[in-house]
Amino acid sequence: MSRKIYTILSLLLVAAFALSACGGGATQAPAEPAATDAPAQPAATDAPAATDAPAEKVTVTWWHISTAEEHKAVWQKLADEYMAAHPNVNVEITVLENEAFKTKLTTVMQSGEPPDIFQSWGGGVMNEYANAGLLKDITADLDADGGAWRDTFAPGALGVYAYKGQSYGVPWDMGMIGFWYNKELFAQAGIDAPPTTWTELLDDVKALKAAGITPIALGEGDKWPGMHMWAYLVTRLGGQANFEGALLRTGSFTDEPFVKAGVMLQELVALEPFQDGFLGATYGDEATAMGNGKAAMELMGQWAPAVQKDNSEDKLGIGDNLGWFPFPMVEGGVGDPGDAVGGGNGFAIGKNASPEAIDFVKFLTTAEAQQALVAINVAIPVVKGGEVGMSDPLMITLQQSLANAKYFQLYYDQALPPAMGSVINDSVQGVFAGTLTPEQAAQAIEDSAAQELK
Amino acid sequence: MFPPISNIFKLTRGTGAPRRFQDNLVIFLFLLPAIVLFLLFVVYPILQSIYYSLFNWKGFGPAVDFVGLENFKNILTDKVFMIALRNGFLIIALSLFVQLPLSLALAILVGRDLPGRVIFRTIFFLPYVLSEVIAALMWLFILNPDPERGFINAVIELLGGDSQAWLGNTDLVLLAIFAALTWKYFGYHMLLFMTGLQNIPTEVEEAGRIDGANSFQNFIYITLPLLGSTIRTSVYLSVLGSIQQFILVWIMTRGGPVNASETMATYMYRFGFVRFQLGYGSAVAIYMFLLCLIFSLIYQRMTRQPDYLTGL
């Protein structure tokens, strides 16, 4: 009896093994479009793909990282609406947490099988994928009908997803980094207006310190928060020409603005403006300090208020006490004081994407879709008409600042190849810790550039 | 030719060469699945790593930029790798001279017939059951530099001391991580030692005591030697674990601040998966592999004396 069971069990095991071995490529059975109440979308968006009659079933794979409930629901609703309007298309959504997404994407990229549509921040990482032929060139789709699709986007934001003149993706959100500050703590230190110059910022730091307040929260253990401070100084000091010169190798990352930014950073660090243990702190610690009113300011992107709330004890953050001001101008810098350092979210298109997939992305970047995101405060719109319904005054200030920027500098760790981004993060941390001089840090970055930017 | 008794066996199975062949075939067939898996998932990746380590390769498409032994040379001249190596040896030394003796002491304590020992045994073993990620996150909270949030700093302030930025201070960070490592793994070694202690016949210790040995002498001359094989296993696992230590360090500090807590594994990960320099990362992996292999070979040769109890 028991022998029989063993035989059956082992047979089952063998069968399971064999099946799982050859089942790798199989996809799930297409789920029926679930949307019942979804209103059919106006035909304006479905152009070339949607042909008449019983078209072949097409599956569109889509990986996004919007794990927050509300946000996830908006994406799902849009997908449902699209599937209801296009019964032949099945959108298969995979929701992944940020870090898990990066790991999983790296793996599928190495095997050469990217999803049709996936989260991207553009810039260096996307360029690597484009270089390896893993992405689909959608320039023609953007330019179709006299550039109808292209013209809906803010050009600066769209440019982040172009490489060597060809587009491989589209943005759905674009923001900028700036200082978020606690108005109450500023008032306690006797500061009546946010600083507009670097010198004023240093003075305010001193005033805050004198009042016994931690001036700046910084999670430098994660490296990128402090790196943005250096990047902004470089941008203010050298402007567009400086960075592009270094990038295109007509200049160098040891040019004066890169070194001087390090020197100015050292001046700031010497004032000890950060919370205790900032070198080992995470971005979460930084947001916690801000959200609980324990620090007067942080230099961070458009997502900062949400994260502050999430990390605060009462889940409310500092409410109306939160203010925003752009990175101050730097005396003697040639960069325009309005230039913005920032970045945002977008979708890259995998090399195997069908025309339906591209049409679906088009649908995801309509003004209506953008408004749905704006309504729940998870994106700063990049499509004309998307800003309708923006209500948060801070976000409106930020969005206008961004719209007025003459030069948009994508985050260094995104704009440059991943290896360089990592070297910049490590080197700037060295400047914060005092283990590297500004010259050594600049040299380390230049050494990496010499390798990566051939 | 054969004594008649062998005929009994001859009834069921062949003898001589054919039978040996048959036996070997059976052995081979039983081993085959394991061999296939071993070749596929252990040997093949190692060979692949060796191949990639000779290239400047970003991980996409075929590797084409052949650089020979350049990666291996660059690693040895990289200051950060030297820090990682030094940290590795420091963690090994601390593990051997702090963590293992502690585990042994606790094993002896909870191995005794004391009231509540089962509870303590469970408590001591609990950290090992936790996932390494959870342990790391927990220690991040415990070590938080803000005394209002970090438990350890709160205690220090309560006792009138100055709070420390455990993970933000380049001098303290490795010690802080070692504390977390010890907390995570002492229970495991304690369990090994306890099993070893249970295998020691009480008669031997009793005989020692009758002959006039005190507790200390009993421990030095009887318990320790008889624990030999367990200690050897423990040391072996501890050293290899230290060389490969990754998760806890990566989550707690990412090897920082400024590389102060870098281990070889975080160094490898940084180059392989953060900087996408998979060729270079592979070369680091080869160094780690060689280090582990050489250690294993030397260690096994060094500790080949037979076990007192089993004679093996």
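Residues numbered from 1 in each chain as written. Chains lettered and ligands numbered in written order. Predicted model: local features only at pLDDT ≥ 70, side-chain atom pairs only at ≥ 80, totals over all residues.

## Focus on the overall build of chain B
For step 1, the next point in the chain: Helices and strands together make up the secondary structure of chain B, namely 14 helices and zero strands.
For step 2, the next point in the chain: Counting helices and strands in the order they occur from the N terminus, chain B gives α-α-α-α-α-α-α-α-α-α-α-α-α-α.
For step 3, the next point in the chain: Over its C-alpha trace chain B gives a radius of gyration of 26 Å, far above what one expects of a compact globule, namely 20 Å for 312 residues.
For step 4, the next point in the chain: Taking the principal axes of its C-alpha atoms as reference, chain B extends roughly 90 × 70 × 30 Å. (Helix = DSSP H or I, 4+ residues; strand = E, 2+ residues; numbered from the N terminus. Rg over C-alpha atoms; globule rule 2.2 N^0.38 Å.)

## Topic: the packing of helix H9 (residues 224–247) of chain A against helix H10 (residues 256–270) of chain A
Residues and elements named next belong to chain A.
For step 1, the next point in the chain: In the contact formed by H9 and H10, the axes pass within 8 Å of each other and the chain directions differ by 150°. Looking at the two axes, H9 sits roughly antiparallel to H10. In terms of crossing hand, the pair formed by H9 and H10 is right-handed. Contact residues: Met-229, Trp-230, Leu-233, Val-234, Leu-237, Gly-238 and Asn-242 in H9; Pro-257, Phe-258, Lys-260, Ala-261, Gly-262, Met-264 and Leu-265 in H10.
For step 2, the next point in the chain: Partitioning the contact of H9 with H10 into residue classes produces 10 nonpolar, three polar and one charged. (Axes fitted to C-alpha atoms, helices over the stretch in contact; angles between N-to-C directions. Parallel < 35°, antiparallel > 145°, perpendicular 65-115°, else oblique. Left-handed = near helix turned anticlockwise from the far one by under 90°. Contact = placed C-beta atoms within 7 Å. Nonpolar A, V, L, I, M, F, W, Y, C, P; charged D, E, K, R; others polar.)

## Some thoughts on the pairing of strand S9 (residues 295–300) of chain A
Residues and elements named next belong to chain A.
For step 1, the next point in the chain: In terms of burial, S9 is a largely internal element, six of the six residues being buried.
For step 2, the next point in the chain: Of the pairings in the sheet, the one linking strand S7 (residues 178–182) to S9 comprises four bridges and is antiparallel in character. When the sheet's bridge partners are listed, Tyr-181 is paired in S9 with Met-297.
For step 3, the next point in the chain: Note that strand S8 (residues 214–216) and S9 share two bridges and pair parallel. The partner of Thr-214 across the bridge, within S9, is Ala-295. (Buried ≥ 20, exposed ≤ 12 C-beta atoms within 10 Å, placed from the backbone. Pairing = 2+ DSSP bridges.)

## With respect to the domain arrangement of chain A
Residue and element names in this part refer to chain A.
For step 1, the next point in the chain: Here the domain parsing of chain A yields domain 1 (58–175 + 343–398) and domain 2 (177–341 + 411–452).
For step 2, the next point in the chain: Spacing between the C-alpha centres of domain 1 and domain 2 amounts to 28 Å.
For step 3, the next point in the chain: Each partner contributes residues to the interface: domain 1 has 13 residues there, and domain 2 has 13 residues.
For step 4, the next point in the chain: For the side of domain 1 that touches domain 2, the secondary structure elements donating two or more residues are helix H4 (123–131) and helix H15 (393–404). (Domains from an automatic or database assignment.)

## Quick word on the confidence of the model for chain B
One rule of thumb: low pLDDT means the predicted coordinates there are not for detailed reading.
For step 1, the next point in the chain: Looking at chain B as a whole, the pLDDT averages 87, with 92% of positions reaching at least 70.
For step 2, the next point in the chain: Our summary of model confidence lists the complex with pTM equal to 0.77 and ipTM equal to 0.76. (pLDDT = per-residue confidence, 0-100.)

## Some words on the nonpolar core
For step 1, the next point in the chain: Counting 167 residues, the largest nonpolar core has Ile-349 of chain A together with Ile-177 of chain B as its most contacted members.
For step 2, the next point in the chain: Tallying contributions element by element places helix H8 (residues 173–198) of chain B first for this core, with 13 residues.
For step 3, the next point in the chain: Ignoring any residue separated from it by four or fewer positions in sequence, one finds Ile-349 of chain A in contact with Asp-116, Ile-117, Leu-135, Lys-136, Ile-138, Tyr-168, Gly-169, Ala-357, Ile-358 and Val-361 of chain A.
For step 4, the next point in the chain: Listed in part, the 17 residues of the second largest apolar core include Ile-243, Tyr-269, Phe-271 and Ala-283 of chain B. (Core = buried A, V, L, I, M, F, W, Y, C linked by C-beta atoms within 7 Å.)

## What to know about the interface of chain B and chain A
How big an interface is tends to be stated in terms of accessible area lost as the parts join.
For step 1, the next point in the chain: Chain B puts 22 residues into the contact, and the matching count from chain A is 20 residues.
For step 2, the next point in the chain: Split by residue class, the side of chain B that touches chain A holds 10 nonpolar, seven polar and five charged.

## Observations regarding the sheet that holds S7 of chain A
Residues and elements named next belong to chain A.
For step 1, the next point in the chain: Read across the open sheet, the four strands follow the order S8-S9-S7-S10; overall the sheet is mixed. At either end of the open sheet lies a strand with only one pairing partner, and these are S8 and strand S10 (322–325). Put simply, the sheet's adjacent strands are angled 20° from each other on average, direction ignored.
For step 2, the next point in the chain: Summarising the sheet, S7 and S10 pair through four bridges and their orientation is antiparallel. When the bridges of S10 are listed, Phe-179 appears paired with Phe-325.

## A look at the domain arrangement of chain B
Residues and elements named next belong to chain B.
For step 1, the next point in the chain: Domain parsing of chain B yields domain 1 (16–52) and domain 2 (79–302).
For step 2, the next point in the chain: Centre-to-centre, using C-alpha coordinates, domain 1 lies 35 Å away from domain 2.
For step 3, the next point in the chain: Contact residues are listed per partner, giving four residues for domain 1 and six residues for domain 2.
For step 4, the next point in the chain: Considered class by class, the residues forming the side of domain 1 that touches domain 2 number three nonpolar, one polar and no charged.

## Some thoughts on helix H3 (residues 98–110) of chain A
For step 1, the next point in the chain: In this model, H3 of chain A (13 residues) spans 18 Å end to end at C-alpha, consistent with the 18 Å of a helix rising 1.5 Å per residue.
For step 2, the next point in the chain: Positioned one or two residues after H3 of chain A, Gly-112 of chain A has a phi angle of 75°, which is positive. (Expected span 1.5 Å × (residues − 1).)

## Digging into unusual backbone geometry
For step 1, the next point in the chain: Although it is not a glycine, Glu-272 of chain A adopts a positive phi angle of roughly 50°.
For step 2, the next point in the chain: Assignment of secondary structure puts Glu-272 of chain A in the loop between H10 and helix H11 (283–291).
For step 3, the next point in the chain: The phi angle at Phe-276 of chain B is positive, at roughly 55°, despite the residue not being glycine.
For step 4, the next point in the chain: On the secondary structure map, Phe-276 of chain B appears in the loop between helix H13 (264–274) and helix H14 (278–302).

## Description of the confidence of the model for chain A
All names here are of chain A.
For step 1, the next point in the chain: The predicted model of chain A averages 86 in pLDDT, with 88% of residues at 70 or higher.
For step 2, the next point in the chain: Per-residue pLDDT, averaged within each element of chain A, yields its smallest value for helix H1 (residues 2–22) (46) and its largest for S8 (97).
For step 3, the next point in the chain: With pLDDT under 50 throughout, residues 9–52 is counted as low confidence; its partners more than four residues away or in other chains account for 35 contacts.

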